Amino acid sequence: MHEQEKTPLAQAADPDLAASPYAVEMRDICKAWPGVVANDHVNLRVRQGEIHALVGENGAGKTTLMNILYGLVRPDSGEIFVNGERVHIGGPRDAIRLHIGMVHQHFMLIPPLTVAENIVLGQEPGGPMAAYDRRRARELVLQLSARYGLPIDPDARIEKLSVGLQQRVEILKALYRAADILILDEPTGVLTPQETYELFDVLRVLSRQGKTIIFITHKLREVLDLTDRVTVLRRGRNVGELVTRETNQTEIARLMVGREVLLRVEKRSARPGPVVLRVENLHARSDRGLEALQGIGFEVHAGEILGIAGVEGNGQSELVEVLTGMRRATAGRMTITHTSGEQAGKTYDITGMSPREVRLVGVAHIPEDRRGSGLVLSDTIENNAILGRERWPRFAWARFILRLREIAQWARRLVGEFDVRTPSTRLPVRALSGGNQQKVIVAREFAADPQLLIAAQPTRGVDIGAIEFIHRRLVEQRDAGKAILLVSAELDEIRSLSDRIAVMYEGRIVDIVTPEASEEELGLLMTGGRPSEASREEQAQATGDS
Amino acid sequence: MFWPIFLRVITSGDLWQASLQFAALLLLPALGGVISERSGVVNIAMEGMMLIGCYVGVAVTLASHSVLVGVLAAIIAGGLLALVHGVVSIHLKADQIISGIAINVAALGLTNYLNIVQTGGQGIPSLAFNLRLPVLSWGPLAQLPFLGQVLFQQNVVFYLAIVILLGLQFLLFRTNLGLRIRAVGEHPQAADTAGIPVRLIRYACVVASGLLSGLAGAFLALGVAGTFNPNMTAGRGFIALAAVVFGKYTPLGAAGACLIFGLGLALSVRLQDTGIDSNLLATLPYILTIIALIGLVGRTVAPAADGVPYEPGSAE
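Visitor: Provide a residue-level description of the packing of helix H2 (residues 13-38) of chain B against helix H11 (residues 236-246) of chain B, including the pertinent values.
Guide: All names here are of chain B. One way to put it is that H2 packs onto H11 with a least axis distance of 8 Å and a crossing angle of 60 degrees. Considering their axes alone, H2 and H11 lie oblique with respect to each other. Here H2 runs over H11; the crossing is right-handed. On H11, the residues touching Phe22, Leu25, Leu26, Pro29, Ala30, Gly33, Val34 and Glu37 of H2 are Arg236, Ile239, Ala240, Leu241, Ala243 and Val244. Tallied by class, the residues present in the contact of H2 with H11 amount to 11 nonpolar, 1 polar and 2 charged.

Visitor: Explain the side chain of Glu318 of chain A to me, and be specific about the residues and the numbers.
Guide: Residue and element names in this part refer to chain A. Residue position: Glu318 is located in helix H11 (residues 316-323). Look at Glu318: it is buried, it has no salt bridge, and the nearest opposite charge is Arg327 at 4.8 Å. The contacts of Glu318, once residues within four sequence positions are left out, are Arg285, Ser286, Ala292, Leu293 and Arg327.

Visitor: Go over the sheet that holds strand S1 (residues 22-33) of chain A, please, and point to the residues and values.
Guide: All names here are of chain A. The strand order across the open sheet built from 4 strands is S2-S1-S4-S5, with neighbouring strands paired in antiparallel fashion. Edge positions in the sheet fall to strand S2 (36-47) and strand S5 (85-87), since each has one partner strand and no second. Strand after strand, the sheet turns through a mean of 25 degrees between neighbouring axes, direction not considered. Examined bridge by bridge, S1 and strand S4 (residues 77-82) share 5 bridges and lie antiparallel to one another. Looking at the pairing, Glu25 lines up with Phe81 of S4. Docked against the sheet, helix H3 (residues 62-69) engages S1, S2 and S4, running at close to 115 degrees with respect to S1.

Visitor: I'd love a proper account of the pairing of strand S8 (residues 212-217) of chain A, names of residues and values included.
Guide: All names here are of chain A. The element S8 is extensively covered by neighbouring structure, given that 6 of its 6 residues are classed as buried. The side-chain alternation of S8 yields two buried faces, one formed by Thr212, Ile214 and Ile216 and the other by Ile213, Phe215 and Thr217. Pairing of strand S3 (residues 51-55) with S8 involves 5 bridges; the strand directions are parallel. When the sheet's bridge partners are listed, His52 is paired in S8 with Ile214. Sheet analysis places strand S7 (residues 181-185) next to S8, joined by 5 bridges and oriented parallel. When the sheet's bridge partners are listed, Ile181 is paired in S8 with Thr212. Regarding the hand of the β-α-β motif, the stretch spanning S7, helix H8 (residues 193-208) and S8 is right-handed.

Visitor: Pulling in residues and values, what's your account of the pairing of S1 of chain A?
Guide: Direction of pairing for S1 of chain A relative to S2 of chain A: antiparallel, over a ladder of 8 bridges. When the bridges of S2 of chain A are listed, Trp33 of chain A appears paired with Val36 of chain A.

Visitor: Can you tell me about the environment of Ala94 of chain B, naming the residues and giving the values?
Guide: All names here are of chain B. Positionally, Ala94 belongs in the loop between helix H4 (67-91) and helix H5 (96-119). Ala94 gets classed as partly exposed once you look at its relative accessible area, which sits at 29%. In contact with Ala94, not counting residues within four places along its chain, are Val88 and Ser89.

Visitor: If you had to explain the interface of chain B and chain A to someone new, which residues and values would you point to?
Guide: In this assembly, 24 residues from chain B lie in contact with 34 residues from chain A. Taken together, the two surfaces of chain B and chain A that pack against each other cover about 2300 Å², and 62% of this comes from carbon and sulfur. In this assembly, chain B and chain A are joined by 1 salt bridge. The salt bridge involving Arg180 of chain B is made with Glu124 of chain A; its shortest N-O contact spans 2.6 Å. The tally of links from chain B across to chain A stands at 9 residue pairs in polar contact (both at pLDDT 80 or more). Among the secondary structure elements, those contributing two or more residues to the side of chain B that touches chain A are helix H7 (156-174), helix H8 (176-186) and helix H9 (188-193) of chain B.

Cut-offs used in this document
Residues numbered from 1 in each chain as written. Chains lettered and ligands numbered in written order. Predicted model: local features only at pLDDT ≥ 70, side-chain atom pairs only at ≥ 80, totals over all residues. Heavy atoms only, no water. Axes fitted to C-alpha atoms, helices over the stretch in contact; angles between N-to-C directions. Helix = DSSP H or I, 4+ residues; strand = E, 2+ residues; numbered from the N terminus. Parallel < 35°, antiparallel > 145°, perpendicular 65-115°, else oblique. Left-handed = near helix turned anticlockwise from the far one by under 90°. Contact = heavy atoms within 4.5 Å. Nonpolar A, V, L, I, M, F, W, Y, C, P; charged D, E, K, R; others polar. Buried < 20%, exposed > 50% of the residue type's maximum accessible area, 1.4 Å probe, protein only. Lys, Arg positive; Asp, Glu negative; His and termini not counted. Salt bridge = Lys/Arg side-chain N within 4 Å of Asp/Glu carboxyl O. Pairing = 2+ DSSP bridges. Right-handed = clockwise from strand over helix to strand, strands pointing away. Buried area = accessible area lost by both parts, 1.4 Å probe. Polar contact = N/O pair within 3.5 Å; in protein donor to acceptor, adjacent residues only side chain to side chain.

Structural measurements only, silent on function.
Here it is in structure tokens:
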């Protein structure tokens with residue numbers, strides 16, 4: 001052991017080290033899960049005081065690597081050095097002792113407890129056996145909050161806070177534990193553009209105060225805006241260590257994916273046809289009984305993509321559920337008008353229909369929760385490919401006895417057409433990567449030849465290659481005259497695909513704008529800001545033209 | 001015929017003394033349930049842990065001629081059985097309901113078997129009074145009309161239960177350790193990343209529930225019955241479980257529920273003079289339990305991670 005601890009001496013040969021010792025150095029980290037190699041001899045070197053981006057596609061091993069650094073996952077092999085010293089990190093307690101803090105992608109906060117309780121948890125004033133000193137905890141939180149310029153109400157319950165504020169609590173929590181090395185795992189995924197700018201300002205200030213920051217992301221623009229250096233991972237391996245100033249989005253994307261990627265969606269301007277989906281004054285309640293939709297109204301035309309933008313939790317999920325029959329509307333009306341096929345011109349009132357009935361009248365749905373409501377993970381690709389259409393005469397005799405050979409053929413066709421990478425259609429869907437799972441859903445839903453396609457978070461957790469593919473298919477469907485309702489928390493996705501953008505805030509549509517609207521303008525709308533007169537006129541013009 | 005007797009029963013000190021005694025008997029395993037579930041481990045095995053406490057309490061008291069040693073042994077036996085539940089559900093991450101059922105069934109069989117083997121099928125005779133848990137009489141206070149009998153002539157474990165009740169309420173909601181226990185039960189990942197030893201806390205809480213159930217068993221066998229009978233807990237551990245839910249997973253709430261159930265149990269005994277069939281009366285506390293649960297469905301919220309084994313690193 002003693003000899004091993006002396007190995008940092010060997011580093012003295014590294015000229016870099018003398019100038020700026022690494023805050024964190026991870027060497028040859030390997031970690032395999034059953035069936036997956038998450039980290040394959042990964043190296044990471046982060047200098048003191050820098051903001052270091054760790055980028056890669058989903059499944060590239062970024063989070064695993066950081067969970068190893070924070071002690072949540074034990075590596076199979078490899079060495080970790082913190083400030084030049086070899087360390088063993090057996091659990092988060094060791095990481096905290098080494099002044100490492102982590103802000104997780106899914107916040108590690110306890111909703112029914114207060115801000116102060118969450119921050120001091122585990123290191124409460126007085127130690128474990130003492131009575132909880134509420135006043136002292138408040139004081140400590142307020143001091144911390146003042147010192148780093150991160151205002152917060154220590155007595156608020158976490159469940160009442162916005163996502164942005166919750167993230168602030170997470171950062172304060174790490175700072176309370178005297179973190180000098182701060183890991184942030186995809187911190188901007190849930191933030192509005194404004195909240196993102198604020199976060200970046202905070203991180204720059206922290207970095208100036210000497211904190212080392214490791215920033216995990218797959219958004220290339222953020223890498224360029226914020227960071228000093230970049231480590232790129234692909235499929236569990238290092239593929240690049242770059243200086244941010246000397247690189248660009250295309251180069252990073254190429255390293256991440258392993259080939260040239262089209263970052264922009266190519267599409268012609270839309271040629272909208274007649275109205276397919278008409279929604280009037282829609283109201284609905286959330287699971288908790290709150291008014292989730294408060295009078296939503298909009299139309300989607302054939303041959304256009306209407307994007308629904310907004311911070312998550314402003315009623316988008318409920319809207320999709322109501323439209324697809326999974327949640328009951330408390331008031332309002334929704335109709336589908338066929339614009340093509342045998343029933344062209346026929347209008348159906350889908351208010352109060354069951355999910356099956358909604359499908360039958362020509363609505364296809366890519367659900368936001370792929371694993372929860374899109375697929376039966378343990379079932380085969382074949383069976384998932386006909387999920388919801390198993391009564392079609394082509395798949396079942398008398399709507400009851402499955403025609404297995406027919407189904408297998410169908411699945412093989414979809415897998416081919418939609419480039420699902422799998423050795424067999426008999427495999428359980430669980431065995432596929434996230435991107436390929438999503439392609440199974442997209443294939444199934446497109447193949448139904450719907451009048452309206454509802455795509456909720458269609459590229460969530462999907463790698464860049466599959467994103468490119470799904471985007472292209474969506475635009476193809478639009479050009480084929482389908483009406484498409486796109487709901488996404490990714491503003492870039494909304495802006496690059498949509499022909500019109502409806503912004504939702506607290507259960508209402510605050511405005512419908514063109515995709516040319518600036519990010520600032522959209523961000524303002526997403527936080528409930530009043531739409532400017534200019535954009536109203538613009539919108540009137542845009543809809544008037546169509 | 002019914003009403004005069006009912007009135008006499010309901011106003012008698014006997015009824016309320018018995019109610020409180022039965023309530024205390026339910027309260028101990030209920031407090032065990034509260035602390036275990038608060039830490040995120042579902043424990044439905046209080047019944048079995050109590051029964052083991054009954055048997056070990058009596059057996060060790062007889063062997064050692066010391067009721068104190070018997071009680072300590074009962075507590076430890078309950079704790080050990082809980083440790084089994086802990087290993088199965090925390091370490092091996094098995095289904096906590098199945099583990100609980102297994103423990104209940106095993107405890108029933110084991111105590112029956114040992115009872116038969118030890119006494120040659122004769123059963124354990126009534127214990128001498130010096131080998132029972134004593135009733136504490138609070139001097140002049142015990143002489144008060146009504147209240148004296150109800151509050152100041154109870155078994156020593158009754159007063160112990162009240163001390164434990166208040167202590168546990170304080171521990172859970174007013175101390176740093178309590179904050180950690182609640183954090184572990186709500187969101188073990190969050191607790192782990194905050195540096196809290198999730199498994200250790202869960203083990204401690206599960207074992208505590210066993211210690212309390214074992215004490216309750218000793219109370220029942222050595223304080224109330226003065227002997228051991230097969231299956232003498234008669235579902236009390238399950239009523240305690242209902243009290244945990246009914247009491248919204250708080251010690252004081254559970255105590256309130258135990259009072260109601262205790263009254264039901266006492267009534268079912270005392271109302272036998274009214275001519276209502278005794279078998280029917282015996283169902284009263286259980287019917288009360290069901291009514292209480294139905295009336296509260298959807299209104300009690302269990303700790304968010306209750307019953308979910310913790311997998312470190314599963315946050316991805």
